Amino acid sequence: MRALQRFYLVEVLSGVALTAAHFFRNMGRHAAHALGKKDARGAVTIQYPDERRPYSPRLRTLHRLVRREDGSPRCVACMMCETVCPAHCIYIVAAEHPNPEIEKVPARFDIDVGKCVFCGYCVEACPEDAIRMDTGILEFSSYTRGGMIYTKEALLALEPAGPDGHPRSPIPIPADRTP
Amino acid sequence: MSLAADLGIAFGRVAFVMLFVLNMGGLLTWVERKQSAIMQDRIGANRASILGLRLFGLFHPLADAIKMLTKEDFRPARADRVLFGLAPFVSVFFALTAFASIPFGDTLRVGGREIPLQAVTLNVGVLYVFAMLSLGVYGVMMAGWSSGNNFALLGGQRAAALMITAEVAIGASIMGVIMVYGSLNMMDIVRGQGALLWGWLPAWGIVTQPLAFVLFLTAGIAATKRIPFDMPEGESEIIGYFVEYSGMKFGMFAMADFLETVVIAGMTTSLFLGGWQVPYLDAAGVRLPWGWTWALPHLLVVLLQVGAFVLKVCAVIFFMMLIRWTLPRFRYDQAMRLGWLGLFPLSIANIVLTGLVLLLWGGRP
Ligand code: SF4
Ligand code: SF4
């Protein structure tokens, strides 16, 4: 067996047979696809910007602030998330809520996504279920550090992802990045 | 008038070969991407588009050329000014000229003229191709030497060593073919392969010289400096002789590799796969072994033969690409061992064996 392997030619031929089999099988599938058999796929590639694979519901993506029925944030500015955040990337300024039954409301709620480590502790810590990481948005980028800071308004505007985990709200584009 | 016609014909022959080799070389960048992708269950480059037309990524060679041409053409401060600029041109030049004596068709007869379908008719055509291929390595060595970079120098030195290894094996393995067909003229060798053994088997080189075929193809792949024999380049270790090159000069080295692939494929086709021969098709038409004949016009026969040649070259290139995307690379010492202790003695044995068989058989087929 070893001598046969050292002779190399047999091994080369078996390797070439394997790759050639892949080539011709995939070419056949491509041809079938082109001829109208749409479920024939000659490649396992997912052409990412055009198509996405389904995301797991557990996937932690860009945060959003949950809204009340009147559109104001459900967050009561208890600072739990800010305290637990290992990256210190949440910054909250509390204010009085006009409704006396609700204690407080954030006047500012900034998350510096550039620092966030996506641990999800903020979601775990929140007693009001006011912050979630289920938007399905993965593509946030900016030319500056400041552009990575998402404000309360931006976070409130986001919708939860669809059933396949794909984002439903448009990717928030920072001010420094013209699309 | 006659002089003008002669000139025109000579020009046409050269132009055909030139355009064929150049376009194949350009196309191979696409083939390389697409074939490797399909072999690996991927899609391959398909984003270059003109007005939304993508054509399976066929515009990528074009996009590559534009990218290469618009990049900075950098020359290191310690590089040799003249040699550094000359090296890529030398590489491409010899790779391009090597194809000249490979015949792509039989003699074409139009208007009382006999036009042999090869760029130049040479008595020593085999040696010519061989010589041009070996000269190509000078470009690589020049690049390695003139870059003023130790890794480039290592790459150039490896290229020289590899080329000698491959050259010896190539030279010794085509010896058997030359003995069988009794000529150094490529056209005669291809003509000789039109004969039928035992009245039915085409006497192609792969039939009469199977061992030489394997040896030649292995050494030929080594001569193209591509994986599995890519030590001059060695992307994973020394990056190689073109480490200091950028822009189109780098592109020309890549191009030279592809051109050499085409040349080796053309040579394999001519020496071992019957060149432009179509089985059971001779100048008069189809002639099957059991006596059935079908006359065909001369022009159609020539067209069929040129088509057969192109098809065979493409098939060999396909196979070489298959090898390139299947095998892992050899280490430097492994390649040397394979060349000197494997290919070389085997090809010498092949010569002895061929001589013996010819002696016992009593001459050539
Ligand atoms: S996911 Fe983790 S790091 Fe990011 S904001 Fe929440 S707690 Fe902080
Ligand atoms: S833990 Fe919840 S309620 Fe408290 S500040 Fe954070 S988001 Fe608001």
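Refer to the structure above for everything that follows.
How each quantity is defined
Residues numbered from 1 in each chain as written. Chains lettered and ligands numbered in written order. Predicted model: local features only at pLDDT ≥ 70, side-chain atom pairs only at ≥ 80, totals over all residues. Heavy atoms only, no water. Helix = DSSP H or I, 4+ residues; strand = E, 2+ residues; numbered from the N terminus. Contact = heavy atoms within 4.5 Å. Areas by Shrake-Rupley, 256 points an atom, 1.4 Å probe, with all protein chains shown as cover. Lys, Arg positive; Asp, Glu negative; His and termini not counted. Charge placed at Lys NZ, Arg CZ, Asp CG, Glu CD. Axes fitted to C-alpha atoms, helices over the stretch in contact; angles between N-to-C directions. Left-handed = near helix turned anticlockwise from the far one by under 90°. Nonpolar A, V, L, I, M, F, W, Y, C, P; charged D, E, K, R; others polar. Pairing = 2+ DSSP bridges. Buried < 20%, exposed > 50% of the residue type's maximum accessible area, 1.4 Å probe, protein only. Near = heavy atom within 4 Å.

Enquirer: Any details on the overall build of chain B? Residues and values, ideally.
Expert: Tallying secondary structure elements over chain B gives 11 helices and 7 strands in all. Along the longest, intermediate and shortest principal axes, the C-alpha atoms of chain B span 70 × 55 × 50 Å. A separation threshold of at least 6 residues defines the contact pool for chain B, and within that pool the share at least 24 residues apart is 77%. Summed over its atoms, the accessible surface of chain B is roughly 16,500 Å², and 72% of this surface lies on carbon and sulfur atoms. Distance between charge centres in chain B, computed from 25 positive and 20 negative side chains, equals 3 Å.

Enquirer: I'd like a rundown of the packing of helix H1 (residues 2-39) of chain B against helix H2 (residues 60-70) of chain B, residues and numbers included.
Expert: Residue and element names in this part refer to chain B. Contact geometry of H1 with H2 gives a least axis separation of 8 Å together with a crossing angle of 115°. In this structure, H1 meets H2 at a crossing whose hand is right-handed. Counted together, Gly 26, Thr 29, Trp 30 and Arg 33 of H1 and His 60, Pro 61 and Asp 64 of H2 form the full contact between these two elements. Considered class by class, the residues forming the contact of H1 with H2 number 2 nonpolar, 3 polar and 2 charged.

Enquirer: Just give me the short version of the sheet that holds strand E5 (residues 281-282) of chain B, but keep the residues and values in it.
Expert: Backbone-to-backbone hydrogen bonds pair the strands of a sheet. The strands run either parallel or antiparallel. Residue and element names in this part refer to chain B. Read across the sheet, 3 strands follow the order E5-E6-E7 without closing on themselves; strand pairing throughout is antiparallel. The two strands at the open ends of the sheet, each matched to only one other strand, are E5 and strand E7 (293-295). Two elements, E5 and strand E6 (residues 285-287), share 2 bridges in a ladder whose sense is antiparallel. Note that in E6 the partner of Asp 282 across the bridge is Gly 285.

Enquirer: Please set out the side chain of Gln305(B) residue by residue, giving values where relevant.
Expert: Residue and element names in this part refer to chain B. With respect to the helices and strands, Gln 305 occurs in helix H10 (residues 298-324). With relative accessibility at 2%, the residue Gln 305 sits in the buried group. When near neighbours in sequence (up to four residues on either side) are disregarded, Gln 305 contacts Phe 104, Asp 106, Trp 276, Val 278 and Leu 281.

Enquirer: Quick rundown of the site of ligand 1? Include the residues and the values.
Expert: The local shell around ligand 1 holds 14 residues, among which Cys85(A), Cys116(A), Cys119(A), Gly120(A) and Cys122(A) are the closest. Residue classes in the shell around ligand 1 are distributed as 12 nonpolar, 2 polar and no charged.

Enquirer: Can you tell me about the sheet that holds strand E2 (residues 90-96) of chain A, naming the residues and giving the values?
Expert: Residues and elements named next belong to chain A. Strand order in this open sheet of 3 strands is E2-E3-E5, and the pairing throughout is antiparallel. If you trace the sheet from one side to the other, it starts and ends with E2 and strand E5 (149-150), each paired once. As judged from the 2 bridges shared by strand E3 (residues 104-112) and E5, these two strands associate in the antiparallel manner. Its bridge partner lying in E5, Asp 112 is registered against Ile 149.

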